[in-house]
Every structure is written in C-alpha cells, then in structure tokens.
Amino acid sequence: MDARMSDRIAGAIFLALAVWCWITAGEYAVDFSDPAGPALFPRMIAVPLGLLSLFLIVRPDPNPSWLKWPQAAGQLATVVVLLAYPALLEPAGFPLATILATSVLAKIMGANWLQAAVCGAAVGFGLFILFDWGFGLPLPVGPFLG
C-alpha cells in the first residue's frame with residue numbers, strides 16, 4: 001500500500017465528518033429567537049474541516065511518519081479530556097469544567113502547572129463572562145457559583 005494512503009484515508013474520514021456536521025447542524029432548533037441560529041457554529045467548524053480534509057486527499061504527505069509513544073500519549077490524554085469535558089459541564093458548571101479542561105490541555109501542551117492554572121482560570125472565567133453576561137447565553141454555573 002502507498003505510504004500516502006493513510007493521509008487519504010484520514011482525509012476521507014474527516015470529509016465524511018464535515019459533511020455529517022453540516023447536515024446535522026441544519027436539524028438543530030431552539031425555542032428562543034437567535035439571529036445566527038444554532039447551526040452557525042457547527043457549520044463554521046464543518047467548512048474548514050472539509051477544506052483541510054480535501055487537502056489531505058489531494059496533497060497527502062509523500063513520506064508520512066507515524067506517532068511514537070510520547071506524542072501518542074499526549075494525543076490520547078487530549079481525547080480523554082475532550083470526552084470528559086461535556087460530561088463535567090452540568091455537574092461542575094461551565095467555569096470549573098472549563099478551568100479543569102483548559103488547565104490539563106495547557107499542561108499536555110507543555111506549560112508548567114502554574115501557567116496551566118492561570119491559563120485555565122483566564123479561559124474559564126473569561127468565556128463565562130463573555131457568553132453568560134456579554135451575550136446573555138445561560139451557562140450552567142455548578143454548585144460553587146450557584
């Protein structure tokens with residue numbers, strides 16, 4: 001099998017995911033008036049995902065290299081954080097769940113624990129203030145702020 005085939009297979013999978021996101025986003029409905037609508041953000045993600053997947057299909061890396069263990073462990077930890085984050089939103093609240101997720105992701109990317117905690121706090125509280133207070137979108141506050 002051609003070494004570039006792995007990029008093409010990944011590109012095809014990501015293209016299918018982008019198409020699925022675009023189609024599924026059109027089925028979202030809300031009970032309140034929102035000029036942008038709930039489909040805006042998923043479709044904003046689907047477009048670059050689709051374009052980048054086409055790039056992988058058309059121009060794959062001629063000599064791809066597979067991950068070694070340290071990098072794979074970081075990527076696996078990132079996936080675990082991204083899967084745990086939505087499960088934590090309701091019970092912990094948006095600020096705490098976002099602080100924890102952002103802090104762990106920053107640590108995975110090489111920050112020390114102090115830098116990760118400062119980054120997590122800035123992102124967690126900053127996004128909460130922006131969306132809850134600035135945009136008026138109610139977010140779960142959790143047991144500590146509620």
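Along every chain, residues carry numbers that run from 1 in the direction the sequence is written. In keeping with the predicted nature of the model, local features appear solely for residues at pLDDT of at least 70, side-chain atom pairs appear and are counted solely at 80 or more, and the whole-chain, interface and lining totals rest on all residues. Excluding hydrogens and water, the side-chain values take into account all heavy atoms of the structure.

Draft legend 1. Fine view of the packing of helix α1 (residues 5-25) against helix α2 (residues 40-58). Axis lines are fitted to C-alpha atoms, over the contacting stretch for helices. Their N-to-C directions set the angle, which ranges from 0 to 180 degrees. By the criteria applied, helices consist of DSSP H or I runs no shorter than four residues and strands consist of E runs no shorter than two, each listed in order from the N terminus. Viewed as axis vectors pointing N to C, α1 and α2 meet at an angle of 160 degrees, and their least axial separation amounts to 8 Å. As judged from the angle between their axes, α1 and α2 are roughly antiparallel. By crossing handedness, the relation of α1 to α2 is classed as left-handed. When α1 is examined against α2, the residues Asp 7, Arg 8, Gly 11, Ala 12, Phe 14, Leu 15, Leu 17, Ala 18, Cys 21, Trp 22 and Ala 25 are found in contact with a partner set consisting of Pro 42, Arg 43, Ala 46, Val 47, Leu 49, Gly 50, Ser 53, Leu 54, Leu 56, Ile 57 and Val 58. A class-by-class count of the residues in the contact of α1 with α2 yields 16 nonpolar, three polar and three charged. For classification purposes, angles smaller than 35 degrees are called roughly parallel, those larger than 145 roughly antiparallel, those between 65 and 115 roughly perpendicular, and all remaining angles oblique. Handedness of a crossing follows from how the near helix is turned relative to the far one, being left-handed for an anticlockwise turn of less than a right angle and right-handed for a clockwise one. We call two residues in contact when some of their heavy atoms are within 4.5 Å. When residues are grouped by polarity, Ala, Val, Leu, Ile, Met, Phe, Trp, Tyr, Cys and Pro land in nonpolar, Asp, Glu, Lys and Arg in charged, and all others, Gly among them, in polar.

Draft legend 2. How the structure looks around the packing of helix α4 (residues 94-108) against helix α5 (residues 113-134). As a packed pair, α4 and α5 sit with axes 7 Å apart at the nearest point and diverge in direction by 145 degrees. Along this stretch, α4 crosses α5, giving a crossing that reads as right-handed. Facing Phe 94, Pro 95, Thr 98, Ile 99, Thr 102, Ser 103, Ala 106 and Lys 107 of α4, the residues of α5 in contact are Trp 113, Ala 116, Ala 117, Cys 119, Gly 120, Ala 121, Val 123, Gly 124, Phe 125, Leu 127 and Phe 128. When its residues are assigned to classes, the contact of α4 with α5 shows 13 nonpolar, five polar and one charged.

Draft legend 3. Highlighting α1. Helix span is expected to be 1.5 Å times the residue number reduced by one. In this model, α1 (21 residues) spans 30 Å end to end at C-alpha, consistent with the 30 Å of a helix rising 1.5 Å per residue. Taken as a whole, α1 has its buried residues at Asp 7, Gly 11, Ala 18, Cys 21, Thr 24 and Ala 25. The arc enclosing the buried residues of α1, seen along the axis, measures out at 160 degrees, which places them on a common side. Opposite the buried face of α1, by more than 90 degrees, sit the exposed residues Ile 13, Trp 20 and Ile 23. Tucked into the core, α1 has its buried residues touching α2. Buried residues are those whose accessible area, probed at 1.4 Å on protein chains only, stays under 20% of the maximum for their type, while exposed residues exceed 50% and partly exposed ones sit between those limits. This arc describes the spread of directions from the helix axis toward the C-beta atoms.

Draft legend 4. Looking closely at the packing of aromatic side chains. Any two of the Phe, Tyr and Trp rings considered here, Trp counted by its six-membered ring, make a pair once their centres fall within 6.5 Å; the pair's planes then place it as stacked at under 30 degrees, edge-to-face at over 60, or tilted in between. Throughout the structure, instances matching the rule amount to two aromatic pairs. Both rings, one in Phe 128 and one in Trp 133, keep their centres 6.4 Å apart while their planes meet at 70 degrees; by these two values the pair is edge-to-face. Given the relative accessible area of 7%, Phe 128 is considered buried. Note on Trp 133: relative accessible area 60%, which makes it exposed. Judged by centre distance (5.5 Å) and plane angle (65 degrees), the ring pair of Phe 131 and Phe 135 falls under edge-to-face. Judged by relative accessible area, Phe 131 falls into the partly exposed class, the value being 29%. Lying over the aromatic face of Trp 22, Arg 43 brings its terminal NZ or CZ to 4.4 Å of the ring centre. A positively charged side chain is recorded as over a ring if its NZ (Lys) or CZ (Arg) lies within 6 Å of the ring centre. The angle to the ring normal must also be within 35 degrees.

Nothing here speaks to function; it is geometry throughout.
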